[in-house]
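Listed below, chain by chain, are the residues.
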Amino acid sequence: MNFSAGNTNVPAVEADGLVKMFGQQRAVDGVSLTVPQGSVYGVLGPNGAGKTTTIKMLATLLRPDAGHARIFGYDVVKAPNAVRSLVGVTGQYASVDEDMTATENLIIFSRLLGLSRADSKRRSVELLEEFDLAEAANKPLKNFSGGMRRRLDLAASLIATPPLLFLDEPTTGLDPRTRAQMWETIRRLVREGATVLLTTQYLDEADQLADRIAVIDRGKLVADGTSDELKASVGNSSLHLTLQDRTQIEDARRIVSEALGVEAAITPEAARLTAPMLDTSVTPEILIRLRDNGIAVDEITVQKPSLDEVFLTITGHPADDTADTETDRNVA
Amino acid sequence: MTTTLTTPPPGASLTKAHLVTPEAHTVTLRQTVANSLTMAYRGILKIKHNPEQLFDVTLQPIIFTLMFTYIFGGAISGDVKAYLPVIIPGILVQTVITTSIVTGTQLREDMDKGVFDRFKSLPIARISPLAGALTADMVRYLIATTLTVVMGLIMGYRPGGGALGVLGAAVLVIVCSFAISWIWALMGMLASKASTVQGYSMLILFPLTFMSPAFVPVATMPGWMQAFIKVNPISHIIYAVRDLMNYGHIGSEFGWSLFGSAVVVAVFAPLTVKMYMRKA
């Protein structure tokens, strides 16, 4: 697939102070970002942070209340059809027709994009094969799994090989295997020259795919940088320790604090001990010292910062108030 | 942009001209028509995959025609055979126009689906999903029309206007239903739920189709109702269809029906399109 956009000097996305109001609420509150051509830009944030609304404005699905955005130099408000011809959008919820088969879906989208009947058929067959959907080509979508639906959705976005792809939470709700497949597909598209702007709730996803990550919270961009820069701002890994006998917690704290050279914290229930870790290689040393002091360990984990911690550090409040267990996931 | 391809490019079979280029960002009339026809094709595919959608347009003409003819036939015209020229044109108009309600409910349901987001993100004519839906619904009118006429013929109706008269009547009914479907389309745009559209449109259509000359001679009704029937636009369609089917005659009622349809389209189409564009 050849994703070509002509002039390579223009940024793929250039947003300046985008604002979208829903009633009194500022869903997006002055978002500015620049995505160079050929890169993957990750927008990271919890549910309701304004990720989807931002994408919808960039893809001309919503009109910004303030601010400007240009896609390859075309203004999203002034030249919406030019923008639409340059972007492919894959939504959080698969935007394909439930009532029809996979082939029919692709043929209709192809015809709408101006392909001839014969070309539409050929393109549909190509895409279905490419996305491993050839066997299910003529089955109604009602029988499709979530992963198949997402793949079809992505295939539909690629009919005209748009040079810029908006992927709104491309793997939310997918099982780990399907998620890995989706990642591989995205990587392949980028190798072939596509520019990708993706949103995600998962730090590891942004980490795996994105060249640059923006953290968005309550409609505002709160951090922007490479994955390493972002992690550095959060701190490194952290040590979590649970003892069999909690009366030994003070001794354990002294040992850990000495070994790491920083103050370890005891959780309010006094059962667990946590400490930031700059160098994970001291972990065995800590275990040996604990054993030598006769302190039995129930559980020990070394974790990279979770999205929660990223948020806590950058924004000063927890990632999300809505119960979303996924945001508790740790970085693999 | 220069890219290194690890696999043969699947899009290579497409010539450049087939792909939408940013330069072609104004939508031409030709593209609008092409997009609308593709959307109509989509509507027909949907009917193909959900044939149960057609229950109303298939069963209603059969059941209503059978039921009303045998219930009222003897009482109103002395026998069923004499009643057929009265009821078949009347029930044709009633059935096909009632069918047009579905346009509003389906449009509402369709617009709530995820696929509409994709339509909005494509460089296509904004109006095409609406135009396509209204066009695809013509298929429903055609089915309802055909079934009602065939039922009449089976029951012994011999239209005096001949094949041409029947054909003319069918075209008139379909044109009028298409015009009226714009009203339901607007309601579909304004309502929050499909069932609301269904409820309101039935509430409007039920009195309009029954307080008409469709089933019973108007002379037997009280004066106030006769006055209403006289101004009821549905009555004019029924008279025009009767003229065509029974006598092959095109009269002033035919003209009034077309004029009324034109007025409905002139008023509701811009309103509907405006509302639609706001949401689309």
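For the structure itself, consult the block above.
Rules behind the numbers
Residues numbered from 1 in each chain as written. Chains lettered and ligands numbered in written order. Predicted model: local features only at pLDDT ≥ 70, side-chain atom pairs only at ≥ 80, totals over all residues. Helix = DSSP H or I, 4+ residues; strand = E, 2+ residues; numbered from the N terminus. Buried ≥ 20, exposed ≤ 12 C-beta atoms within 10 Å, placed from the backbone. Contact = placed C-beta atoms within 7 Å. Pairing = 2+ DSSP bridges. Axes fitted to C-alpha atoms, helices over the stretch in contact; angles between N-to-C directions. Right-handed = clockwise from strand over helix to strand, strands pointing away. Expected span 1.5 Å × (residues − 1). Arc of directions from axis to C-beta. Core = buried A, V, L, I, M, F, W, Y, C linked by C-beta atoms within 7 Å. Parallel < 35°, antiparallel > 145°, perpendicular 65-115°, else oblique. Left-handed = near helix turned anticlockwise from the far one by under 90°. Nonpolar A, V, L, I, M, F, W, Y, C, P; charged D, E, K, R; others polar.

Enquirer: Hey, could you run me through the overall build of chain B in this one?
Expert: When its secondary structure is counted, chain B shows eleven helices and zero strands. N-terminal to C-terminal, the α/β element order of chain B is α-α-α-α-α-α-α-α-α-α-α. Its C-alpha atoms give chain B principal-axis dimensions of roughly 85 × 35 × 35 Å. Going through the 280 residues of chain B one by one, you find that 42% of them count as buried. Sequence separation of at least 24 residues holds for 80% of the intrachain contacts in chain B that already meet a minimum separation of 6.

Enquirer: Sorry, what's going on with the overall build of chain A here?
Expert: When helices and strands are tallied, chain A shows eleven helices and 14 strands. When each of the 332 residues of chain A is scored for burial, the buried share is 49%. Of all intrachain contacts in chain A linking residues separated by at least 6 positions in sequence, the fraction that spans at least 24 positions is 67%.

Enquirer: When you look at the sheet that holds strand β6 (residues 87-90) of chain A in this model, what are you seeing that I'm missing?
Expert: Residue and element names in this part refer to chain A. Strand order in the open sheet formed by six strands is β6-β7-β8-β3-β9-β10, and the pairing between neighbours is mixed. At either margin of the open sheet sits one strand with a lone partner, and together these are β6 and β10 (220-225). The sheet shows a mean angle of 15° between the axes of neighbouring strands, taken without regard to direction. Relative to strand β8 (residues 195-200), strand β7 (residues 164-168) is paired through five bridges, and the arrangement is parallel. Residue pairing across strands places Asp168 opposite Thr199, the latter belonging to β8. Against the sheet, helix α1 (residues 51-58) makes contact with β3 (40-44), β7, β8 and β9 (212-217), and its axis sits at roughly 155° relative to β7, the strand it touches most.

Enquirer: Even after reading the chapter, I still don't get the sheet that holds strand β4 (residues 66-71) of chain A, so can you show me in this structure?
Expert: Note on sheets: strands pair through backbone hydrogen bonds, and any given pair is parallel or antiparallel. Residues and elements named next belong to chain A. The strand order β2-β1-β4-β5 describes an open sheet built from four strands, whose pairing is antiparallel. The open sheet has two free edges, formed respectively by β2 (25-35) and β5 (74-75), since each of these has just one partner strand. One ladder, built from eight bridges, connects strand β1 (residues 13-22) with β2; its direction is antiparallel. The residue bridging Ala15 from the neighbouring strand is Leu33, located in β2.

Enquirer: Looking at this structure, I do not really get the pairing of β8 of chain A. What am I missing?
Expert: In regular strands, side chains alternate between the two faces of the sheet. Residue and element names in this part refer to chain A. Most of β8 sits out of view: six of its six residues are buried. Going residue by residue along β8, you find Thr195, Leu197 and Thr199 tucked away on one face and Val196, Leu198 and Thr200 tucked away on the opposite face as well. Taken together, the five bridges between β3 and β8 define a ladder with parallel strand orientation. From the neighbouring strand, Val40 faces β8, where its bridge partner is Val196. Chirality of the crossover, the property in question, places the unit of β7, helix α6 (residues 176-191) and β8 among those that are right-handed.

Enquirer: In this structure, what is going on with α6 of chain A? I would like to understand it.
Expert: Each α-helix winds once per 3.6 residues, and so residues spaced three or four apart point in a common direction. Residue and element names in this part refer to chain A. Between its first and last C-alpha atoms α6 spans 23 Å; for 16 residues at 1.5 Å apiece the expected length is 22 Å, and the two agree. Where α6 is concerned, the buried positions are Arg179, Met182, Thr185, Ile186 and Leu189. Relative to the axis of α6, the buried residues are bounded by an arc of 120° and lie together on one face. Turned more than 90 degrees away from the buried face of α6 sit Pro176, Arg177 and Glu184, all of them exposed. Each element contacted by the buried residues of α6 is listed here: α5 (146-157), β7, β8 and α7 (203-209).

Enquirer: What is the right way to look at the pairing of β1 of chain A in this model?
Expert: Residues and elements named next belong to chain A. Bridge count between β1 and β4: five bridges; the pairing is antiparallel. Within β4, the residue paired with Glu14 across the bridge is Arg70. Between β1 and β2, which follow one another and run antiparallel, lie two residues, and Gly23 among them has a positive phi close to 65°.

Enquirer: Explanation requested: the environment of Ile250 of chain B in the structure shown.
Expert: All names here are of chain B. With respect to the element layout, Ile250 can be found in the loop between α10 (233-247) and α11 (252-279). Residues Ile250 and Gly165, 85 residues apart in the sequence, show an inter-C-alpha distance of 8.9 Å. Once you skip the residues sitting within four places of it in the chain, Ile250 turns out to touch Asp243 and Leu244.

Enquirer: So what exactly am I meant to see when it comes to the nonpolar core here?
Expert: Generally speaking, a soluble globular protein has its nonpolar side chains buried in company with each other. Residues and elements named next belong to chain B. Among the nonpolar cores identified, the biggest contains 56 residues, and Val93, Val173 and Val241 are the most heavily contacted of them. Of all the elements in the fold, those that place two or more residues in this core are α1 (29-49), α3 (80-99), α4 (101-111), α6 (128-154), α7 (162-190), α10 and α11. Ranked by residues supplied to this core, first place goes to α7 with 17 residues. For Val241, the contacting residues outside a window of four places in its chain are Pro89, Leu92, Val93, Ala169, Leu172 and Val173.

Enquirer: Quick question: what am I supposed to make of the environment of Val83 of chain A here?
Expert: All names here are of chain A. Mapping Val83 onto the fold places it in helix α2 (residues 80-84). Distance in space between the C-alpha atoms of Val83 and Arg70 is 8.3 Å, their sequence separation being 13 residues. Excluding its chain neighbours within four sequence positions, the residues that come into contact with Val83 are Thr60, Ile71, Tyr74 and Val76.

Enquirer: Before we go on, may I ask you to explain unusual backbone geometry in this structure?
Expert: Most peptide bonds are trans, and most residues other than glycine sit at a negative phi. Residues and elements named next belong to chain A. Backbone geometry places Thr60, a non-glycine residue, at a positive phi of 65°. Mapped onto the elements of the fold, Thr60 is located in the loop between α1 and β4. Although it is not a glycine, Arg218 sits at a positive phi angle of roughly 45°. Summarising the element assignment, Arg218 is placed in the loop between β9 and β10. On the neighbour-count criterion, Arg218 (17 C-beta atoms within 10 Å) is partly exposed.

Enquirer: Mind showing me how you'd approach the packing of α1 of chain B against α6 of chain B here?
Expert: Working note: a packed helix pair is described by the angle between its axes plus the distance between those axes. Residue and element names in this part refer to chain B. Their axes nearest at 7 Å, the elements α1 and α6 cross at an angle of 50°. As summarised for this structure, α1 and α6 are arranged oblique, according to the angle between their axes. Pair α1 / α6 crosses with right-handed handedness. Facing α1, whose interface residues are Thr32, Asn35, Ser36, Thr38, Met39, Ala40, Arg42, Gly43, Ile44 and Ile47, α6 presents Ser128, Pro129, Ala131, Gly132, Ala133, Thr135, Ala136 and Val139. When grouped by side-chain class, the residues that make up the contact of α1 with α6 number nine nonpolar, eight polar and one charged.

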